[in-house]
Amino acid sequence: MDTQTAMKASTGEVCAEGDELCRKLEKAAVRIQAWWRGIIVRQALLHAALRAWVIQCWWRSMQAKMLEQRRRLALRLYTCQEWAVVKVQAQVRMWQARRRFLQARQAACIIQSHWRWHASQTRGLIQGRYEVRASRLELDIEILMT
C-alpha cells in the first residue's frame, strides 16, 4: 500500500472499485469510530447511572429523616398523653384524699364537741353550749366559780 492511497482513504476520497486496501482502511476506520462512539456512550451511561445513584441515596436519606421525625413526633404525642393521664389521675386522687380528710376532720370536730359537752355537764364547773355549724365551732361558755 502506498501512502497516497492511504491518505486519500483517510481524507474521505472515494476509493477505486477494485482497490481492496482502500476497503480495508474504510472498514478499520468504521470499526475505530464504532469503538470510540461505544466508549462515549458507555461514559454517558456511567455518568447518568452515578447521578441517579446519588439522587437515590439522597432520597433514601431524606425518607429516613422524615420517618425519624414522624417517630419522634409520635413518641412526643404519646408521652404528652401519658403525662396528661397521670396528671388527671393525680388530681382525682388528691380530690378523693382531701374529701376523706375533710370528712374525718368534721367527724373529729363533732366527736370533740360532744365529748366537751359531756365533760362539762358531768363536772359542773363549766356550763356551756357547743354547736358545730358548717366548718366552725361556736362556743358559749359560762364559768361558775363556787
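For the structure itself, consult the block above.
Residues numbered from 1 in each chain as written. Predicted model: local features only at pLDDT ≥ 70, side-chain atom pairs only at ≥ 80, totals over all residues. Heavy atoms only, no water.

**Points about the pattern of salt bridges**
A pair can form between side chains of opposite charge whenever their charged atoms are brought close.
1) Next: Overall, the coordinates contain two salt bridges when judged by the stated rule.
2) Next: The salt bridge partner of E20 is R23, with a shortest N-O separation of 3.7 Å. Of this pair, E20 and R23 both sit in helix α2 (residues 20–123), three residues apart, roughly one helical turn.
3) Next: Note on E20: relative accessible area 46%, which makes it partly exposed.
4) Next: Note that R72 and E68 form a salt bridge whose closest N and O atoms lie 3.5 Å from each other. Linking R72 with E68, this pair stays in helix α2, spanning four residues, or about one helical turn.
5) Next: Judged by relative accessible area, which is 52%, R72 ranks as exposed.
6) Next: For E68, a relative accessible area of 33% corresponds to the partly exposed category. (Salt bridge = Lys/Arg side-chain N within 4 Å of Asp/Glu carboxyl O. Helix = DSSP H or I, 4+ residues; strand = E, 2+ residues; numbered from the N terminus. Buried < 20%, exposed > 50% of the residue type's maximum accessible area, 1.4 Å probe, protein only.)

**What to know about the packing of aromatic side chains**
1) Next: A full pass over the atoms with the stated rule returns two aromatic pairs.
2) Next: Pairing W35 with W36 gives two aromatic rings, centres 6.2 Å apart and planes at 50 degrees, and the pair type is tilted.
3) Next: Between W58 and W59, the aromatic rings sit 6.2 Å apart at their centres with planes inclined by 45 degrees, giving tilted as the arrangement.
4) Next: The class for W59 is partly exposed, based on a relative accessible area of 43%. (Phe/Tyr/Trp six-rings, centres within 6.5 Å; stacked < 30°, edge-to-face > 60°.)

**Describing a nonpolar patch on the surface**
1) Next: Residues I32, W35, W36 and I40 make up a contiguous nonpolar surface patch of about 460 Å² in total accessible area.
2) Next: In this fold, I32 is placed in helix α2.
3) Next: Assessed through its relative accessible area of 54%, I32 is described here as exposed. (Patch = residues over 30% accessible without salt bridge, like charges linked within 9 Å, V, L, I, M, F, W, Y side chains within 5 Å. Areas by Shrake-Rupley, 256 points an atom, 1.4 Å probe, with all protein chains shown as cover.)

**With respect to the side chain of S113**
1) Next: With respect to the secondary-structure elements, S113 resides in helix α2.
2) Next: For S113, a relative accessible area of 8% translates into the label buried.
3) Next: At 2.8 Å, the side chain of S113 and the backbone oxygen of I110 are in polar contact. (Polar contact = N/O pair within 3.5 Å; in protein donor to acceptor, adjacent residues only side chain to side chain.)

These figures come from the coordinates and say nothing about function on their own.
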